[in-house]
Amino acid sequence: MQHKVRLTVIDKKVYPELQAAYCADPNAGPCPCYHVGDTFLFARYGAADDFWHGGLHTLCQTAQTADGTAGGEVPHCSEAWDAISRYIYAGLQGGSLMRGWMREENTMIACCSDGTRPVLFRIERLDYKAVYPAASGAPDAPDAPDAPAQARIREALCALDGVTDVQFPGEFFEVYMDRDVPDAQLSAAIPGGAARID
């Protein structure tokens, strides 16, 4: 089983009375680094290791531009990173984010430590298996299935109980699940079977 972590900005607060009373800039306003709805995806598989790069280039959705948003072309804010990095690291290792406190042990709500303009985040561990389809053996066959074959395989995998989504980033299918699905079931859903499942 492999794991990714999705980070979503769910709210931003600003306390102008505290900024007026304590900040060097009494009109600092809301945090400029994050925007409600910003979504980031952290991976640690193969050559990908987004955690050790401080989340740089993990931004996958924003209403703004990547060059002005944390996790896009600029690093995550240090106040936010200090609050969220421990949960991201635990999730990437397959660990519980907050068992017994949150309804789902793979989810945590956290906020940065800026007391005058905190940003609130939802952190979710996403569990998946990397499924590599077996090659057809034909000498002229491409390494990856073509688009129609990808769609058929995706449909067959999505029909399995426990599978929540299927993506094809390149050489393999990422099969997301809400509980473990046996490798034999995954392999049987693919014409020709699976060459490898991680």
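Remember, predicted model here, so these are calculated numbers, not experimental data. (Residues numbered from 1 in each chain as written. Predicted model: local features only at pLDDT ≥ 70, side-chain atom pairs only at ≥ 80, totals over all residues. Heavy atoms only, no water.)

**Student:** Which parts of the structure should I look at to understand the side chain of Thr116?
**Tutor:** By the element assignment, Thr116 lies in the loop between strand E5 (107-111) and strand E6 (119-133). A distance of 3.4 Å separates the side chain of Thr116 from the side chain of Gln19, its partner in a polar contact. When neighbours within four sequence positions are excluded, Thr116 is seen to be in contact with Lys13, Val14, Tyr15, Leu18, Gln19 and Cys23. (Helix = DSSP H or I, 4+ residues; strand = E, 2+ residues; numbered from the N terminus. Polar contact = N/O pair within 3.5 Å; in protein donor to acceptor, adjacent residues only side chain to side chain. Contact = heavy atoms within 4.5 Å.)

**Student:** Looking at this structure, I do not really get the pattern of salt bridges. What am I missing?
**Tutor:** Between side chains of opposite charge, a pair can form as their charged atoms come close. Applying the stated criterion to the full structure yields 15 salt bridges. Taking the shortest distance from any N to any O, the salt bridge between Glu105 and Arg99 comes out at 3.8 Å. By relative accessible area, Glu105 is classed as partly exposed at 27%. Overall, Arg99 belongs to the exposed group, its relative accessible area being 64%. (Salt bridge = Lys/Arg side-chain N within 4 Å of Asp/Glu carboxyl O. Buried < 20%, exposed > 50% of the residue type's maximum accessible area, 1.4 Å probe, protein only.)

**Student:** Would you explain the confidence of the model for the protein chain in this entry?
**Tutor:** Detailed conclusions should not be drawn from predicted coordinates in areas where pLDDT is low. Averaged over every residue, the pLDDT of the protein chain is 91; residues scoring 70 or more account for 95%. Low confidence marks residues 136-142, where pLDDT is under 50. Its contacts with residues over four positions away, or in another chain, come to one contact. (pLDDT = per-residue confidence, 0-100.)

**Student:** Sorry if this is basic, but what is going on with the packing of aromatic side chains here?
**Tutor:** To describe a pair of aromatic rings, you give the distance between the ring centres and the angle between the ring planes. The final tally for this structure, using the stated rule, is eleven aromatic pairs. With 5.2 Å between their ring centres and 90 degrees between their planes, Tyr34 and Phe121 make a pair best called edge-to-face. Here Phe121 lies in strand E6 and Tyr34 lies in the loop between helix H1 (16-22) and strand E2 (39-45), a separation of 87 residues in the sequence. Each member of the pair, Tyr34 together with Phe121, is buried. Look at Phe51 and Tyr89: their rings are 5.0 Å apart centre to centre, the planes differ by 50 degrees, and that puts the pair in the tilted class. Taken together, the positions of Phe51 in the loop between strand E3 (48-49) and strand E4 (59-61) and Tyr89 in helix H2 (residues 78-92) put the pair 38 residues apart, joining distant regions of the chain. Of the residues examined, Phe51 reaches a relative accessible area of 12% and is grouped as buried. Under the relative-accessibility criterion, Tyr89 is labelled partly exposed at 34%. Feature note: the residues Phe42, Phe51, Trp52, Trp81 and Tyr89 constitute an aromatic cluster, connected by ring pairs. (Phe/Tyr/Trp six-rings, centres within 6.5 Å; stacked < 30°, edge-to-face > 60°.)

**Student:** Whenever I open this one, the pairing of strand E8 (residues 173-177) confuses me. Can you help?
**Tutor:** Successive side chains on a regular strand alternate, one facing one side of the sheet and the next facing the other. Burial analysis of E8 places five of its five residues in the buried class, which makes it a mostly covered element. Here E8 shows no split at all, with Phe173, Val175 and Met177 on one side and Glu174 and Tyr176 on the other all buried. Sheet analysis places E6 next to E8, joined by four bridges and oriented antiparallel. Its bridge partner lying in E8, Val131 is registered against Phe173. Examined bridge by bridge, strand E7 (residues 163-167) and E8 share four bridges and lie antiparallel to one another. Its bridge partner being in E8, Val166 is matched across the sheet by Val175. Counting the residues in the hairpin turn of E7 and E8 gives five residues. (Pairing = 2+ DSSP bridges.)

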